[in-house]
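# Architecture at a glance
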Amino acid sequence: MKKFFIFLLVAFVVVIGVLMCQGTVVQESGDGSQSSGDYRSVDSLPMLITQIQKCSKLYTAEYRVHKIVTHDDVLRLKGTLLQRQFNIKLPLGDRKIAIPIDAKLKAWIDFSQITERNIERRGDHITIILPDPQVTMTSSKIDQKHVKQYVALARSNFSDAEMSAYEQQGRAAIINDIPNLGILETAQANAAKVLVPMLTAMGYEEHQVTVAFRKHYDATDIPNLIRMEE
């Protein structure tokens, strides 16, 4: 009987010890304190990509551009006289025009294209390489009220076809000037404002996050980035 009571006592001590260990484990894992390194030790990349892709086509910048197209059309008499060339400006042959054009540009990034290839991780630092931005000219029109023109008596007025051609020149000039407008840099900065909070919620600090494009875009890249909408 004495041995039986001793056995029960030992069993009771073992059970208490096990319960105490379990209580310690629950306290350590359930107190909510967890370092960012432990948090990121679980591979959260698929979850991050899913959240980013939900943004889909995100407009990140909008610019309104005012451009004035000028054209100076002068009648000249050209030829050769006594083996000498001449180029004479004719009187009353001038035509001049200044055409103000208003255009609206929007930059957007298709976040649905982001995959694991767009994300680089080195230690505690993460870099997201954005897909190529797209710039859309959503509208462009001539400000007819403020068109200025001078037509000499010997010349005809500018035709609708000429006006349309000058508008196309203005649109082309705006497109060529996109690298100097800062719209791509604004698109990148605003994309970072969307992505950084996602990453800080996952345990990263802001200084550990870099949001970048794959390259610096210049005038030769713009034709591949522009999209026209009317």
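No experiment lies behind these values; they were computed from the predicted model shown.

The rules behind these values
Residues numbered from 1 in each chain as written. Predicted model: local features only at pLDDT ≥ 70, side-chain atom pairs only at ≥ 80, totals over all residues. Heavy atoms only, no water. Salt bridge = Lys/Arg side-chain N within 4 Å of Asp/Glu carboxyl O. Buried < 20%, exposed > 50% of the residue type's maximum accessible area, 1.4 Å probe, protein only. Pairing = 2+ DSSP bridges. Helix = DSSP H or I, 4+ residues; strand = E, 2+ residues; numbered from the N terminus. Axes fitted to C-alpha atoms, helices over the stretch in contact; angles between N-to-C directions. Contact = heavy atoms within 4.5 Å. Arc of directions from axis to C-beta. pLDDT = per-residue confidence, 0-100. Phe/Tyr/Trp six-rings, centres within 6.5 Å; stacked < 30°, edge-to-face > 60°. Lys NZ or Arg CZ within 6 Å of the ring centre and 35° of its normal.

### Here's the deal with the pattern of salt bridges
According to the stated counting rule, one finds five salt bridges in the structure shown. Note that Glu 62 is salt-bridged to Arg 64, the shortest N-O span being 3.6 Å. The salt bridge involving Asp 221 is made with Lys 215; its shortest N-O contact spans 3.2 Å. Given a relative accessible area of 14%, Asp 221 falls into the buried group. On the basis of relative accessibility, which here comes to 34%, the residue Lys 215 falls in the partly exposed class. Taken together, the shared-partner salt bridges in this structure form one network comprising Glu 62, Arg 64 and Lys 106.

### Observations concerning the sheet that holds strand S7 (residues 209-213)
An order of S3-S4-S7 is seen for the three strands of this open sheet, with the pairing classed as mixed. Every interior strand has two partners, whereas the edge strands, strand S3 (119-122) and S7, have only one. Recorded for the sheet is a direction-independent mean angle of 20° between the axes of neighbouring strands. Direction of pairing for S3 relative to strand S4 (residues 125-130): antiparallel, over a ladder of four bridges. From the neighbouring strand, Glu 120 faces S4, where its bridge partner is Thr 127. Sheet strands in contact with helix H3 (residues 45-53) are S3 and S4, and its direction is about 145° off that of S3. Relative to S7, helix H6 (residues 183-201) is tilted by about 145°, and along the sheet it contacts S4 and S7.

### Here we look at the environment of Arg 122
By secondary structure assignment, the location of Arg 122 is in strand S3. In sequence terms Arg 122 and Gln 208 are 86 residues apart; their C-alpha atoms lie 9.8 Å from each other.

### A short note on H3
Every buried residue of H3 is listed here: Leu 45, Leu 48, Ile 49 and Ile 52. Down the axis, H3 shows its buried residues gathered within 100° of arc, on one side only. Where the residues of H3 are buried, they touch S3, S4 and H6.

### Brief notes about the confidence of the model for the protein chain
Any region with low pLDDT has predicted coordinates that should not be read closely. Overall, the prediction assigns the protein chain a mean pLDDT of 75, with 73% of residues at 70 or greater. The spread of mean pLDDT over the elements of the protein chain runs between helix H1 (residues 2-30), the lowest at 37, and S4, the highest at 91. Predicted confidence is poor over residues 2-42, with pLDDT under 50, and the contacts of this stretch with residues over four places away or in other chains come to nine contacts.

### Regarding the packing of aromatic side chains
Counted under the stated rule, the structure contains two aromatic pairs. Ring centres 6.0 Å apart and planes at 70° place the aromatic pair Phe 158 and Tyr 166 in the edge-to-face group. Of the two residues examined, Phe 158 and Tyr 166, each falls in the buried class. Between Phe 213 and Tyr 217, the aromatic rings sit 5.7 Å apart at their centres with planes inclined by 70°, giving edge-to-face as the arrangement. Of the two residues, Phe 213 and Tyr 217, both sit in the buried class. Against the face of Phe 158 rests Arg 95, its NZ or CZ located 4.1 Å from the ring centre.

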